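Structural features, examined
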Amino acid sequence: MKNVLFVLTSHEELGNTGDKTGFWVEEFAAPYYLLTDKGVNVTLASPKGGQPPIDPKSTQPDAQTTASKRYFEDQETQEKLSKTTELSKIKEADYDAVFYPGGHGPLWDLAEDKDSINLIESFYNNNKTVAAVCHAPAIFKNTKNTDGSPLVKGKKVTGFTNSEEEAVQLTDIVPFLVEDMLIENGAIYSRKDDWNTYAVEDGLLITGQNPASSERVAEILLERLK
């Protein structure tokens, strides 16, 4: 049985707006079910442990998908999610790959979290896949290659676009724009039209553009695990 680590945000404040954020349910649920239905063992972790905050917008009717509806009716998975392991207690050696769901939360905590940065670098240096979708490629802001260059330098990646951020009217609220950061770090960034499914695989990195891309990222990851 393959073991995959899911790392979720612990951050719930949407800048200084007074609104809440967190992880996006679809971006957790679709990959989680796609992998577990195929017999993959998934461990859930977050910087603070316990229940990671859910972005309230991802619970609204117009944000629902088959996978998210399944999650909201799945008491067992909800219970598991409420008890995520503290990230500092996680060892890369115990897993075959790592996956980061998005939502705006990771822009604040996982982009800067030392445990997350060290884990990603350890997975990568041990020839293990690192996957992230939507805002979660924010995790590559501070990750480095062994030579000190940005981990994504020269790599083909995608992530939430500047125009998608503008569409949700959070351009001036977020600490940085995922698209801009990836390009600044030397990545070969590409995208589809806003809200279209798009995922990119380059070596050990798998990235998806937006919520609609979460299942595609998981499909590529599943292929990599075989």
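Just above sits the structure.
In what follows, the accompanying structure is described.

Rules used in this analysis
Residues numbered from 1 in each chain as written. Predicted model: local features only at pLDDT ≥ 70, side-chain atom pairs only at ≥ 80, totals over all residues. Heavy atoms only, no water. Phe/Tyr/Trp six-rings, centres within 6.5 Å; stacked < 30°, edge-to-face > 60°. Helix = DSSP H or I, 4+ residues; strand = E, 2+ residues; numbered from the N terminus. Buried < 20%, exposed > 50% of the residue type's maximum accessible area, 1.4 Å probe, protein only. Lys NZ or Arg CZ within 6 Å of the ring centre and 35° of its normal. Salt bridge = Lys/Arg side-chain N within 4 Å of Asp/Glu carboxyl O.

Overview of the packing of aromatic side chains
Tallying each qualifying case throughout the model produces nine aromatic pairs. Plain terms: the ring middles of F6 and F28 are 6.0 Å apart, the flat faces sit at 90 degrees to each other, and that makes the pair edge-to-face. Taken together, the positions of F6 in strand 1 (residues 3-7) and F28 in helix 1 (residues 25-36) put the pair 22 residues apart, joining distant regions of the chain. Here F6 and F28 have matching classes, each one buried. When the centroid spacing of 5.1 Å and the interplanar angle of 25 degrees are considered together, the rings of F28 and Y32 count as stacked. Here Y32 and F28 lie together in helix 1, a separation of four residues that amounts to about one turn. When sorted by exposure, F28 lands in the same class as Y32, which is buried. Directly above the aromatic system of Y33 lies the positively charged group of R70, at a separation of 3.9 Å from the ring centroid. If you follow K128 out to its NZ or CZ, it ends over the ring of F123, 5.8 Å from the centre.

Quick look at the pattern of salt bridges
Throughout the structure, instances matching the rule amount to 10 salt bridges. Salt-bridge contacts for E12 lead to K20; the nearest nitrogen and oxygen are separated by 3.7 Å. Using a relative accessible area of 38% as the deciding quantity, one classes K20 as partly exposed. Three or more residues joined by partner-sharing salt bridges are found here, namely E12, E13 and K20.

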